[in-house]
Amino acid sequence: MSPAKNQLHLLWRAGFGPDLKSYENFSAKSPAEIFDKMLLSSSTQPEMLKVFSPDSGEFRDVVREGLKGGITTQQRAAFRQKNREGFKELNLLWLDQMVNSDAQLREKMALFWHGHFACRVNNILYQQELLHIIRENALGDFRTLLTAVSRSAAMLAFLNNQQNRKKKPNENFARELMELFTMGRGNYSEIDVKESARAFTGWGFDLQGKFIFRPALHDGGEKIFLGEKGNFTGDDIIRVILEQKKTSFYISKKIASFFAGTELPERIIQPLAEIFYKSKYDIAVLLKSIFTSSWFYEENYSGNRIKSPVEWLVGIRRTLPFSGDQNNWQLIMEKLLGQVLFFPPNVAGWPGGINWIDSSTLMYRLRFPVLLNGGSAELGRPKEDDDVQMGRMEDDSASKSADTGLNKKISLSVNWSEYALQFESVPRNKLMEQIRSAILLTDNQKTDILEKYTDAGSRENYIRTLTIRLMSTPDYQLC
Amino acid sequence: MIKRRKFIQGSSLFAGSLMVPRFLKALEAQPAEAGRQKSLVIIQLSGGNDGLNTVIPVRNDIYYRSRPGIAIKSADGLAISDEAAIHPSLSAFKELYDEGYLSVANSVGYPNPDRSHFRSMDIWQSASGSDKYISTGWLGRYLDAMCSGCDHPSQILELDDTLSLALKGEANKGIALRDPRRLYNSTRDQFYQEVLDSVKVPEKEAAAEYLYKTMASTISSAGYIFEQSRVKPSSHSYPSTALAQGLKNIAGLINSDINTRVYYISLGSFDSHAGQNNLQTRLFRELNDAVKAFTTDLKQSKRFDDVIIFTFSEFGRRVNQNASNGTDHGTANNMFFISGALKQKGMINPLPDLADLQDGDLKYTIDFRDIYATVLHSWLGADDRSILGRSSEYLQFI
């Protein structure tokens, strides 16, 4: 592929696509150089995205509410409302990071881990904590990440480890740890599940959402796990799991396939898994091997991947200078397109790929760009989520459309003059090619059709209408 | 019709199957008797409808003891047997019962039930066990079986703006629409058609091919559905609620020659943690009035024998009420079946045993996948075994 295409490819995969500045910054650099730069931009510790202060009284109250403690109905309703609003705020804060942060690689990897360690818990404080764990360790040491996730209140609550006790073991966490988070099916037995569940007995969290080990509930007896024998605790189980080369293979395969946009053959995975294992699970090392390998820049791994709804909307925001309220449309589009942050369908995460696309979601994606012209329209009404609503319609017959304050109409405002500026030096007869190759990674669209549907009345109109038409194609769904 | 079908199959042997227009293949995949094919209408009660206050065990002391604030008095319920009454707001259901057009399955559920809305709905819609994660829906897999290479995946339609997992298959996905005209209008931008006509996606580009295929089939199906919806639109009067208007659209499509076999529509939210009786009454009125209009319409158009309606919810609710005159998430639940063609009328199995609970919740006695299997096999004539990935016990109500 051409150097320009390689760059665009990398920017979409290792981040959320190019922004207005990307081209000047990256021109004439090799993929390896660009990747190093991306890694460097992501090397600082992220600030925690906070919608609740952990130290305020509010926190305790909400935690109590999470555990259904003794508070009045009114208090409970107020906290629920705050909790719901908190989910929206955190969602939007994170989207802003994906759009604006220079740490593109970190936020992209965080989105990957958000789907990998999929967790649906209706407590914004636990989720806020888990998100921070994921963003902090997104490019770090997989062992640290896995351990912190396993000790988070969000995951312990979601996978019922709070109820995992010596006298009555609950296998949910132990099972998913192996099946989905580390080794994959077929690499352990039902006995391993039972034995490791015993090791995790007593792992829980307190009223503040902090990890606690409760010795009285822990089964200190001997366990046999994956052929090893000992009086294992949860940490021992994680150690043994990471000693398995299967784990390195499973994680390498999942990450590489995520970035390749397709299942990869074993001959590509195996060397990556070796490198990852040898690096003691250094995620950045694995990523560097992927993004600097030659197969990654082959034609068939480019433009073959369907953007997730979040990647799609963040990509549009990075391309176009928006003004005005961004909240409403982003929340609506996440729902209509089927990826609401913090609400994965189940512990297996979003299935991705062609699963993003059905007739409705495709038409919403194709029709949305027309709204970038301005004005206001309702594309569709999303379904409600009962986990989010938590019975809030209960005694409130007026709120049939219960989504607090979510206007279903989408209004967008784009500063097209500012957008057009970046093409200032491009001659008129080169605009089509320049804009097309900035927006699309495939060459399927025919120039004459595009010309027919653009407004050539003025330079700015041409740039605006062409950009919108390019975004209204099936090809724009690909990266 | 049969002759023509044989002719087409026969001629394709000579000419090569490529010679048969794809739309003809799609039509020929349908049962020959146009206009008399059987269809299924699924009404999803989202949020966990409380089954015990839907089909009320009016002779059961445990029921009244467990729910001092919300139990429905025997005198208020609409009696359907010595032991059971239907919720007072479901008068049309009671009438259908009396006419022999309604049956009830009690204690429908699955092993190791999950009490999260989303996960339990995931299980019901994918028809998986609670220990498995499947990213396709049971009706989507039915569509895969029905629609390999067909032009219109309109065999299954959801009356909504977004498509539920239930209707997503591996290779094909059903279509969601709130009403046929709206869907049609949303696909009319001429630019889409010109893009489709001008772009030839290389076959190895699987994702692009899938996108273009979906776009083409959406645009052509939107036209097809809209056209069919205008053949014989329902002239019956329906309430203005979303559910009723959805059922009205369904009635119009049932009257046409459309290839749709399954219609899917939702009502909610039934998540009655507090003030349950007001909430359930309001939603049941909407359900009752919509179903009443729909069944009256079907009877008048002489299609009531060709349609089965069933209701389900992702779980029932706990037997004990909570402190807010509501109920929390439970397990097994009842389902209604409504049709002019039921073989087993009334209760198809006993009311739940409230003296035999699991951690305060009902135990299931019918696996919901046996119901799906029965509907797939005995009503839609499909291979339930391959669609559900298990062998099931058929029930006798169809």
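Definitions and limits used
Residues numbered from 1 in each chain as written. Chains lettered and ligands numbered in written order. Predicted model: local features only at pLDDT ≥ 70, side-chain atom pairs only at ≥ 80, totals over all residues. Heavy atoms only, no water. Helix = DSSP H or I, 4+ residues; strand = E, 2+ residues; numbered from the N terminus. Rg over C-alpha atoms; globule rule 2.2 N^0.38 Å. Buried < 20%, exposed > 50% of the residue type's maximum accessible area, 1.4 Å probe, protein only. Contact = heavy atoms within 4.5 Å. Lys, Arg positive; Asp, Glu negative; His and termini not counted. Charge placed at Lys NZ, Arg CZ, Asp CG, Glu CD. Areas by Shrake-Rupley, 256 points an atom, 1.4 Å probe, with all protein chains shown as cover. Buried area = accessible area lost by both parts, 1.4 Å probe. Salt bridge = Lys/Arg side-chain N within 4 Å of Asp/Glu carboxyl O. Polar contact = N/O pair within 3.5 Å; in protein donor to acceptor, adjacent residues only side chain to side chain. Domains from an automatic or database assignment. Phe/Tyr/Trp six-rings, centres within 6.5 Å; stacked < 30°, edge-to-face > 60°. Lys NZ or Arg CZ within 6 Å of the ring centre and 35° of its normal. pLDDT = per-residue confidence, 0-100. Pairing = 2+ DSSP bridges. Axes fitted to C-alpha atoms, helices over the stretch in contact; angles between N-to-C directions. Parallel < 35°, antiparallel > 145°, perpendicular 65-115°, else oblique. Left-handed = near helix turned anticlockwise from the far one by under 90°. Nonpolar A, V, L, I, M, F, W, Y, C, P; charged D, E, K, R; others polar.

To continue, consider the overall build of chain B. Looking only at helices and strands, chain B features 13 helices and 12 strands. Taken against the 2.2 N^0.38 rule, which gives 21 Å for 398 residues, the C-alpha radius of gyration of chain B at 22 Å falls within 12% of a compact globule. In terms of principal-axis extent, the alpha carbons of chain B reach across some 70 × 45 × 40 Å. Per-residue burial for chain B yields a buried fraction of 61% across its 398 residues. A separation of at least 24 residues holds for 71% of the contacts in chain B among residues at least 6 apart in sequence. In chain B, the 44 positive side-chain charges and the 45 negative ones have mean positions that sit 4 Å from each other.

Let us look at the overall build of chain A. Assigned secondary structure in chain A consists of 23 helices and 6 strands. For 479 residues, the compact-globule estimate of 2.2 N^0.38 gives 23 Å, and the C-alpha radius of gyration of chain A, at 24 Å, lies within 12% of that figure. Based on the C-alpha atoms only, the size of chain A along its principal axes is roughly 80 × 60 × 40 Å. For chain A, the proportion of its 479 residues judged to be buried stands at 58%. Within chain A, contacts between residues at least 6 apart in sequence are counted, and of these 72% link residues at least 24 apart. Split by element, the accessible area of chain A, about 18,200 Å² in all, is 51% carbon and sulfur. One finds the centroid of the 62 positive side-chain charges in chain A at a distance of 2 Å from the centroid of its 58 negative side-chain charges.

With that out of the way, let us pick up the interface of chain B and chain A. Listed per partner, the contact involves 57 residues of chain B and 53 residues of chain A. Interface area, chain B with chain A, both sides summed: about 4,700 Å², of which 56% is carbon and sulfur. The interface formed by chain B and chain A holds 6 salt bridges in total. When the shortest N-O distance is used, the salt bridge between R469 of chain A and D189 of chain B registers 3.0 Å. Inspection of the chain B/chain A interface yields 14 residue pairs in polar contact (both at pLDDT 80 or more). Elements with a contribution of two residues or more to the side of chain B that touches chain A: α5 (117-126), β7 (175-176), α7 (180-186), α8 (190-198), α9 (206-229) and α11 (276-300) of chain B.

The subject of this paragraph is the pattern of salt bridges. Residues and elements named next belong to chain A. Inspection of the entire model under this criterion finds 44 salt bridges over all chains. The residue R239 makes a salt bridge to E228 at a minimum N-O spacing of 4.0 Å. Taken together, the positions of R239 in helix α12 (residues 234-243) and E228 in strand β4 (residues 228-230) put the pair 11 residues apart, joining distant regions of the chain. For R239, a relative accessible area of 30% corresponds to the partly exposed category. Residue E228 is classed as partly exposed on the basis of its relative accessible area, which comes to 27%.

Once that is clear, we can look at the domain arrangement of chain B. In terms of domain boundaries, chain B breaks down into domain 1 (1-32) and domain 2 (39-388). Centre-to-centre separation of domain 1 of chain B and domain 2 of chain B, based on C-alpha positions: 33 Å.

Turning next to the packing of aromatic side chains. What the rule picks out here adds up to 44 aromatic pairs over all chains. Considering the side-chain rings of W124 of chain B and F312 of chain B, the 5.2 Å spacing of their centres and the 20 degrees angle between planes classify their relative orientation as stacked. Residue W124 of chain B is found in helix α5, and its partner F312 of chain B is found in strand β9 (residues 307-312); the two are separated by 188 residues along the sequence. Taking the ring centre of F191 of chain B as reference, the NZ or CZ of R469 of chain A above it sits at 4.4 Å. Over the aromatic face of W379 of chain B sits the side chain of K38 of chain B, whose NZ or CZ is 5.1 Å from the ring centroid.

On to the confidence of the model for chain A. Interpretation of this model should avoid reading the predicted coordinates in detail wherever pLDDT is low. Here chain A averages 91 in pLDDT, and 91% of its residues register 70 or above. Counting interchain partners and residues more than four positions distant, the pLDDT-below-50 stretch residues 392-405 of chain A has 36 contacts.

Moving on to the sheet that holds strand β4 (residues 84-86) of chain B. Residue and element names in this part refer to chain B. Ordered in space as β2-β4-β3, the 3 strands form an open sheet in which the pairing is antiparallel. This sheet does not close on itself; its edge strands, each paired only once, are β2 (55-57) and β3 (78-79). Across 3 bridges, the pairing between β2 and β4 is antiparallel. Note on β4: the bridge partner recorded for P57 is A84.

Moving on to the packing of helix α10 (residues 242-255) of chain B against α11 of chain B. All names here are of chain B. Running from N to C, α10 and α11 point in directions that differ by 15 degrees, and their axes come no closer than 9 Å. The angle between α10 and α11 falls in the class roughly parallel. Every pair of crossing elements has a handedness; the one defined by α10 and α11 is right-handed. Taken together, the residues of α11 that come into contact with α10 (itself represented by A242, L243, A244, L247, I250, A251 and I254) are E286, L287, A290, V291, F294, D297 and L298. Grouping the amino acids of the contact of α10 with α11 by side-chain chemistry returns 12 nonpolar, no polar and 2 charged.

Residues and elements named next belong to chain A. Each assigned domain of chain A is listed here: domain 1 (3-41 + 245-301) and domain 2 (309-477). With 12 residues of domain 1 at the contact, the number on the domain 2 side is 14 residues. With both sides pooled, the region where domain 1 packs onto domain 2 buries about 1,200 Å², and carbon together with sulfur makes up 59% of that total. Summed over the shared surface of domain 1 and domain 2, the number is 1 salt bridge. The partner of R318 in a salt bridge is D19, with the nearest N and O atoms 4.0 Å apart. Linking domain 1 to domain 2 there are 2 residue pairs in polar contact (both at pLDDT 80 or more). If you tally residues by element for the side of domain 1 that touches domain 2, the top one is helix α1 (residues 3-13), at 4 residues. Looking at side-chain class alone, the side of domain 1 that touches domain 2 contains 7 nonpolar, 3 polar and 2 charged residues.

Residue and element names in this part refer to chain A. Positionally, S30 belongs in the loop between α2 (22-26) and α3 (31-41). Judged by relative accessible area, which is 29%, S30 ranks as partly exposed. Spatially, the C-alpha atoms of S30 and P351 are 33 Å apart, while their sequence positions differ by 321 residues.

Glancing now at unusual backbone geometry. Of note, the bond from G268 of chain B into S269 of chain B is cis; its omega dihedral lies within 30 degrees of zero at 0 degrees. Following the sequence through the fold, S269 of chain B ends up in the loop between β8 (262-267) and α11. Non-glycine residue N160 of chain A carries a positive phi angle of around 60 degrees. Mapped onto the fold, N160 of chain A is located in the loop between α9 (153-158) and α10 (172-182). For N112 of chain B, which is not glycine, the phi torsion reads 45 degrees and is therefore positive. Note on placement: N112 of chain B falls in the loop between β5 (102-109) and α5.

We now examine the packing of helix α16 (residues 309-319) of chain A against helix α17 (residues 327-337) of chain A. Two measures define how a pair of helices packs: the angle their axes make with one another and the distance between the axes. Residues and elements named next belong to chain A. Relative to each other, α16 and α17 sit at 145 degrees, their axes nearing to 9 Å. Regarding α16 and α17, the two cross each other, and that crossing is right-handed. From α16, P309, V310, W312, L313 and R317 reach across to α17, where they touch W329, Q330, M333, E334 and L337. For the contact of α16 with α17, the class distribution of residues is 7 nonpolar, 1 polar and 2 charged.

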